Amino acid sequence: MASFWFISAPLYSHTDWGGFLKTAGALQERGHDILWLSEAPLENAIRQSEMPFVAIRKTGWLWPPPPQPDLSEISPQEAVKLRYRRALDTWLSEELVTDAVEALLDLEDEIGAPDAIVSDPFLSASAIAADILDIPLIICGWPAQAPLDEQSLFPVQRDLSSDSQQRIQRLCDRFGIDGRNFSKGAAPSIISEALHVSFFTPAWYQSELPTILPQTQFVGGCAEKPTDSPPQWLLDIPPEKPLGLVTLGTSFTGDLGFYSWAAQAVASAGLIPLVTIGWNPISARQKAELKRALPSGTRLLNWAPYAHVLPRCRIAIHHGGIGTTHSAVVHGLPQIVVPHAADQRIQGRRAAEAKVGLHLTAHDVRQGQLREGVQAIMEADWVRENARRLAREMAALGGPERAAGLVEEALASNSI
């Protein structure tokens, strides 16, 4: 049996990607030695999954992000540049990444190296540590893609591309490695030569397929069957009453206006709005204002068990987090994606291209298009059928169990 370090940023959403934590569980059930590494805030969540956990001082991921500056004081061009730079700093801060690599090397001195590192797609420290230890790096949750053509980038992207290349080179020089786990060319990213696992289907990436490299394997996923009883608040809703989910996931939960507009749109279609606002604290005044803005009958919660809730939903309106998007897809649920940050715009575009929902902007929401979008989806049988067909295709690919087998195969291939 082999030993694996699973490494994630200290956000629960980064244990998902459609099946990251479940893949670790599947490998553990096969008898492998699994150790999950992240920062201390994630410990309770991982231990509840009966996964051995070690807290390291840093993972190299910048969280929480620094306060958003006042964009009204700078030009639109500078605002765009600042947004891209903040995104780059999130995964490629040289100081944070250096500290994280050293934390991983300290752990290796203490307990020995694993046979492979299985990583969150955006942890530069994982890529560097695997290179130093000369062990395979395996990426869960994101496809391996060919480098972008520099001519296809906007000027601000070209500037930051050069910056990211220089940062990676300085990190590689510092640790005496060649950077094999970073892609070359414009807009470099973390890349595994061995295996990238995507928890979707090839069709989900239809406009990107020409750029996806052959080490990418698509394993889909399926809806989980509940292993516990439904919560009482859900049992109190008559089973013939359909629900509409409204959520911003677990990280980007501060847009209280979004919850109100989306819940109003759901209620206008005859559904009971289920609004989940995460665990990030909001003031009592803000919560009271939100409750007043929600339509009568709305259920306002911090969290909802998707395995119980989504089979009763007719639509999901959300931010485009990859875990939330994946949950809607495997349940065959039409969705409206309103991106708020990071890769969420990509998920919105993919959902629209797959014809399982709509991709709206914040401006669209302010213009009242959520209500029109919900109404259109509720009246479109073909959208529901597309969503159900995609769910069947996802289930047929094997999910985390197949991912676990692919990880085993990748390690065996790299051990020859």
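Calculation notes
Each residue is numbered by its place in its chain's sequence as written, counting from 1. Since the coordinates come from a predicted model, pLDDT governs what is reported: local features require at least 70, and pairs of side-chain atoms require 80 or more to be given and counted, while whole-chain, interface and lining totals use all residues. The side-chain numbers reported here are obtained from all heavy atoms of the structure, hydrogens and water having been left aside. In this analysis, axes come from line fits to C-alpha atoms, helices being fitted only over the stretch in contact, and the angle between any two N-to-C directions falls in the range 0 to 180 degrees. Where helices and strands are cited, they refer to DSSP runs of H or I of at least four residues and of E of at least two residues respectively, numbered from the N terminus. Any angle from 65 to 115 degrees is called roughly perpendicular, while one under 35 is roughly parallel, one over 145 is roughly antiparallel, and all others are oblique. The sense of a crossing depends on the near helix, which, turned anticlockwise from the far helix by less than a right angle, makes the crossing left-handed and, turned clockwise, makes it right-handed. Contacts: residue pairs with any heavy atoms within 4.5 Å of one another. Whether a residue is buried, partly exposed or exposed follows from its accessible area with a 1.4 Å probe, protein chains only, as a fraction of its type maximum: under 20%, in between, or over 50%, in that order. Strands qualify as paired when DSSP identifies two bridges or more between them.

Q: How should the packing of helix H4 (residues 94–111) against helix H5 (residues 124–133) be read in this particular structure?
A: For any two helices packed against each other, one specifies the inter-axial angle together with the distance between the axes. At a closest axis distance of 9 Å, the pairing of H4 and H5 adopts a crossing angle of 45 degrees. Our classification of the angle between H4 and H5 gives oblique. Considering how the two elements wind past one another, H4 and H5 form a crossing that is right-handed. Residues Val97, Ala100, Val101, Leu104, Leu105 and Glu108 of H4 form the contact with H5, whose participating residues are Ser124, Ala125, Ser126, Ile128, Ala129, Ile132 and Leu133.

Q: Which parts of the structure should I look at to understand the environment of Gly323?
A: Examined against the element boundaries, Gly323 turns out to sit in helix H11 (residues 322–330). Relative accessible area serves as the criterion here: at 12%, Gly323 is assigned to the buried category. Sequence spacing of Gly323 and Pro10 is 313 residues, and the spatial spacing of their C-alpha atoms is 15 Å.

Q: Where do I start with the sheet that holds strand S6 (residues 195–198) in this structure?
A: Strands in a sheet are paired, the pairing made by backbone hydrogen bonds, and the direction either parallel or antiparallel. In spatial order, the strands read S3-S2-S1-S4-S5-S6-S7; together these seven strands make up an open sheet with parallel pairing. Looking at which strands have only one partner, the edges of the open sheet turn out to be strand S3 (53–55) and strand S7 (216–218). Pairs of neighbouring strands in the sheet enclose a mean axial angle of 25 degrees, with direction left out of account. Relative to strand S2 (residues 33–38), strand S1 (residues 3–7) is paired through five bridges, and the arrangement is parallel.

Q: Would you explain the environment of Arg299 in this entry?
A: Relative to the elements of secondary structure, Arg299 occurs in strand S10 (residues 299–301). The spatial distance from the C-alpha of Arg299 to the C-alpha of Leu234 is 9.3 Å, given a sequence separation of 65 residues. Those residues in contact with Arg299, other than ones at most four positions away along the chain, are Trp233, Ile237, Ile272, Pro273, Leu274 and Val275.

In short, shape yes, function no, at least from these values alone.
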